[in-house]
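Commentary on secondary and tertiary structure
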Amino acid sequence: MRRSLTVALAAALLASSLTTMSAAAGLSPADFVDPLVGSAGDGNTHPGATAPFGMLAWSPTSTRGDQTSTGAANGYQYDVTRLRGFSLTHVNGAGCNPGAAGDVPILPFAGDVTSSPTADTADAVYASNFSHADEAATPGRYRLGLQNGVTTDTAATERTAITSLRYPAGKPASLLFRTSNSLNGSEDAETHIDAQHEKVTGSVLTGAFCGRRANGGVNNRKSYYRLYFTAQFDQPLTGTGTWKDATLQPGGTDQTGGEGYATGKDRAGRGSGGYVTFAPGSQVTMRIAISYVSLEGAERNLQAEQPKKSTVDSIAGRTKKAWNTELDRVQVTGGTANQRITFTTALYHSLQQPNLVSDVDGQYLGMDRQPHRVERGQDAQYSNFSGWDQYRAQVQLLALTEPRVAGNFAQSLYNYAKQNDGVWDRWVHVNGATHVMTGDPSAATIATFYAMGVRNFDYRGAFDSLYRQATVPRPEGLQDGGCPGQCVGQRPNLAQYLSSHYAPNDVCHCWGGAAETLEDSVADFALGQWAHQLGRTKEAAELDARGGYWRNVFNPDTGYTQARNVDGSWVTPFDPASDRGFAQGSAAAYTWMVPQDVPGLADAMGGKATAVTRLDGFFHDANGNWQLKGGGPLKYDPTNEPDIHAPWLYNELGQPWKTQETVRQLVNSGYGTGPAGLPGNDDLGTMSAWYVFAALGVYPRTPGTGELLLSSPLFPGAVIRPVGGAPIRITTSGSGKYVRDVRRDGRPQRDWKVDASFLHGGSLDFRLSETPTTWGS
């Protein structure tokens, strides 16, 4: 199906002009999306049915023969063609394995249930193989034929799904609800079967995001949300049953029991669920909804989003229309079929999050684990904030295309902070503060939203809260719980940081003192920019100075960012390839992470010429060959967030043509169609958003501002249509990857950046060249 999509679009391109191909071929933007992109390797995407910013995502949970581990971060890995069910929730592209969610796997089974599915610890019986030839994924719809003879066809709304199940004739027709079997396990689960009303309901108490990480994950092996579900069938139930651990109860209708958060033999054989049966050969329609608040909330969600006469086709059509509305925010013209698929799929992945967590009535589960209702003026509560990743590209794309969703998201994070004693967590999953990664990405994110014109949130209250977090030490900042990967302190050992003007590696209670200093410098710079815009001059001056604290961990003797001890000494021995003092990256990679002061970084290195030479060596080997696919800790890694902005630094170093060259090389070699089409973890749309910006020829300059850096667009034309805003048009003429000249709104654009006023509408017209030029230098 994936191959036929590319072939069909290529044929459509040949039959129509590049600039009008969608209209001529009768194609919509959603027709250019391949949800399987990124499902192989380390992309960690899922191909399942989901709506834009949806709460529910129906997608397979695979198995490699261990019911306590899928062998895939998000439950699905393209090279694993055996599954133990279809789960109701997923997180796009999370980096740890398993990441989170994968709640309530549901398995259509063409056989009798004769033993406890939990006792089948190797998934030898209650699982099914499948072939990708029987798989079809499109935005909002997912179809799969199982080797056991059952075919499935599912469409999703924001909080619900509708599934058609066709069972083979002459075989028993069973449906298993593995209620306790979330990706990370569970503390508790309950399943209730109402045969008279043809309904299954239940819930799972779980959480444990990244709970299996060796570097701090054990601290997260705990519950923070309960997911409720209700499933309604259109066919009578001919039988019921439940199980708990190894005990099967044929005819049972109620069961409870969790699995715990261990792995392997320490968890295998534990858990509970239930099953129902239908007449052999049945065609069953299941309508299912979820809620993080209550079973009643799930019922209301189902009633609101699925009229009783709904079908898979009608829901799929409605959700495809919703996806087309979102994908129309950024329209491109021209290009090859593969380029269009790559671009539109990247936009699709970028706009899967944040995810709704509030019900249709506005209720949601707070970080205090109590029910709340959205604030006045807030449309919905959103979550799943991969802060350390997203603040570099995904949040900017969200603010540019969907500013109202961005404002709702900002208010959502502020709501959570108020429920969490004023602490803004750096990685929020549903309502859980998971503490994953380092720095203070909430400050960078919310300041960026404001700089890009987002106003539909309590921005004054949010600023005061974030400023307090950045200036008032808290007791958990002195704890080592979860360290190094998930340190509980949001601004670790803040008192010492404010005294030393860097995070001392030996007493920082953080994941690498050098990394923490760089991250906090970016966050403080962003807060400072926000303070200027709010007229908070005192705070602005203070934060501006703190935005320069990166200098205190730049060692002029080594020429690299380097961790320091509390006594001021440098942490030795030093190796630029080492991650000592850093979080998931080396000194060589992190040294470039000063987007707020590139001229200052160049001066520290010995001047722009020296910086350019070093940057050349970051992207090339000694013979000048490209090294853009993770060529070791001394080279650029396109999957590593701290250096994904590095290709754009040439602009400020006086050689914009090298940005144009490097970005185009990455666009052409790092991304593509098919399951291996992403360079690494999508990290909740971060890598996909990077591609969208790169293909448009613009990129966010630094958090806390609305400035965009310029490169060379991939497509002849693009139109960005923000919700409620004026369109932004980007056109190119000529051929090549280098910029000959640019005109902004008809006037010469000689600078390599545009200011935030461009976000309110305008045009950029590029003329390209086959050879490097001096434009912008």
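Now for a quick tour of the structure. Because the structure is a prediction, the values reported are computed rather than measured.

Definitions and cut-offs
- Residues numbered from 1 in each chain as written.
- Predicted model: local features only at pLDDT ≥ 70, side-chain atom pairs only at ≥ 80, totals over all residues.
- Heavy atoms only, no water.
- Phe/Tyr/Trp six-rings, centres within 6.5 Å; stacked < 30°, edge-to-face > 60°.
- Helix = DSSP H or I, 4+ residues; strand = E, 2+ residues; numbered from the N terminus.
- Buried < 20%, exposed > 50% of the residue type's maximum accessible area, 1.4 Å probe, protein only.
- Lys NZ or Arg CZ within 6 Å of the ring centre and 35° of its normal.
- Expected span 1.5 Å × (residues − 1).
- Polar contact = N/O pair within 3.5 Å; in protein donor to acceptor, adjacent residues only side chain to side chain.
- Contact = heavy atoms within 4.5 Å.
- Disulfide = S-S within 2.5 Å.
- Axes fitted to C-alpha atoms, helices over the stretch in contact; angles between N-to-C directions.
- Parallel < 35°, antiparallel > 145°, perpendicular 65-115°, else oblique.
- Left-handed = near helix turned anticlockwise from the far one by under 90°.
- Salt bridge = Lys/Arg side-chain N within 4 Å of Asp/Glu carboxyl O.

Observations concerning the packing of aromatic side chains
Using the criterion set out here, one finds 35 aromatic pairs in the structure. Aromatic side chains Y414 and W424 sit 5.7 Å apart centroid to centroid with 5° between the ring planes, which places their arrangement in the stacked category. Here Y414, found in helix α8 (residues 403-419), pairs with W424, found in the loop between α8 and β24 (427-429); they are 10 residues apart in sequence, far enough to count as distant. Note on accessibility: Y414 and W424 belong to one class, buried. Here the aromatic cluster, defined as three or more aromatic residues joined through ring pairs, consists of Y450, F457, Y459, F463, Y467 and W530. It is R455 that lies over the ring of Y450; its NZ or CZ is 3.5 Å from the centre. Just above the ring of Y560 sits the side chain of R614; from NZ or CZ to the centre is 4.4 Å.

Structural notes on helix α4 (residues 312-327)
Side chains that are three or four residues apart share a direction in an α-helix, a result of its 3.6 residues per turn. Over its 16 residues, α4 extends 22 Å from the first C-alpha to the last, a length consistent with the 22 Å expected when each residue adds 1.5 Å. Within the span of α4, buried status applies to V312, I315, A316, T319, W323, N324, E326 and L327.

Quick word on the side chain of N555
Take N555: it is sitting in strand β26 (residues 554-555). For N555, a relative accessible area of 4% puts it in the buried group. Of note is the side chain of N555, whose polar atom sits 2.9 Å from the side chain of Q562. The residues touching N555, leaving out its near neighbours within four places in the chain, are Y560, Q562 and W570.

Quick word on unusual backbone geometry
Put simply, C483 and P484 share a cis peptide bond, and its omega is 5°. Structurally, P484 is set in the loop between α10 (459-471) and α11 (494-500). Cis geometry marks the peptide bond from T572 to P573, where omega comes out at -5°. Along the polypeptide, P573 turns up in the loop between β27 (560-561) and α14 (587-590). At C210, a position not held by glycine, the phi torsion is positive, near 55°. Locating C210 in the fold gives a position in the loop between β11 (199-207) and β12 (223-233).

Focus: the side chain of T89
Its location among the elements puts T89 in the loop between β3 (82-87) and β4 (106-109). A polar side-chain atom of T89 sits 2.8 Å from a polar atom in the side chain of D103. With residues near it in sequence (within four places) discarded, T89 still touches M55, A57, A101, G102, D103, L227, I290 and Y292.

Some remarks on the state of the cysteines
Throughout the structure, instances matching the rule amount to 3 disulfides. Two residues share a disulfide in this structure: C96 and C210, whose sulfurs sit 1.8 Å from each other. Judged by the sign of its S-S torsion, about -80°, the cystine formed by C96 and C210 is left-handed. Of this pair, C96 sits in the loop between β3 and β4 while C210 sits in the loop between β11 and β12, placing them 114 residues apart in sequence. For the pair formed by C96 and C210, the shared burial category is buried. Shown here is the disulfide that connects C508 with C510, its sulfur atoms set 2.1 Å apart. Disulfide C508-C510: torsion about the S-S bond near -90°, hence left-handed.

Considering the packing of helix α17 (residues 656-670) against helix α18 (residues 686-696)
Across the interface, α17 lies against α18 with an axial gap of 10 Å and an inter-helix angle of 125°. One element, α17, and the other, α18, form an angle in the oblique class. Considering how the two elements wind past one another, α17 and α18 form a crossing that is left-handed. Here α17 contributes V663, L666 and V667 to the contact with α18, which in turn contributes W690, Y691 and A694.

As for the pattern of salt bridges
Evaluation of the coordinates by the stated rule reveals 32 salt bridges. A salt bridge links E158 to R159; the nearest nitrogen and oxygen atoms lie 3.5 Å apart. Its relative accessible area of 33% is what places E158 among the partly exposed residues. Accessibility expressed as a relative area gives 7% for R159, which makes it buried. One salt bridge in this structure joins R491 and D520, with 3.8 Å as the shortest N-O distance. In this pair, R491 is assigned in the loop between α10 and α11 and D520 in helix α12 (residues 513-534), connecting sequence segments 29 residues apart. As far as burial versus exposure is concerned, R491 and D520 are alike and both buried. Counted as one network, the salt bridges with shared partners bring together D440, R491, D520, D524, E542 and R546.

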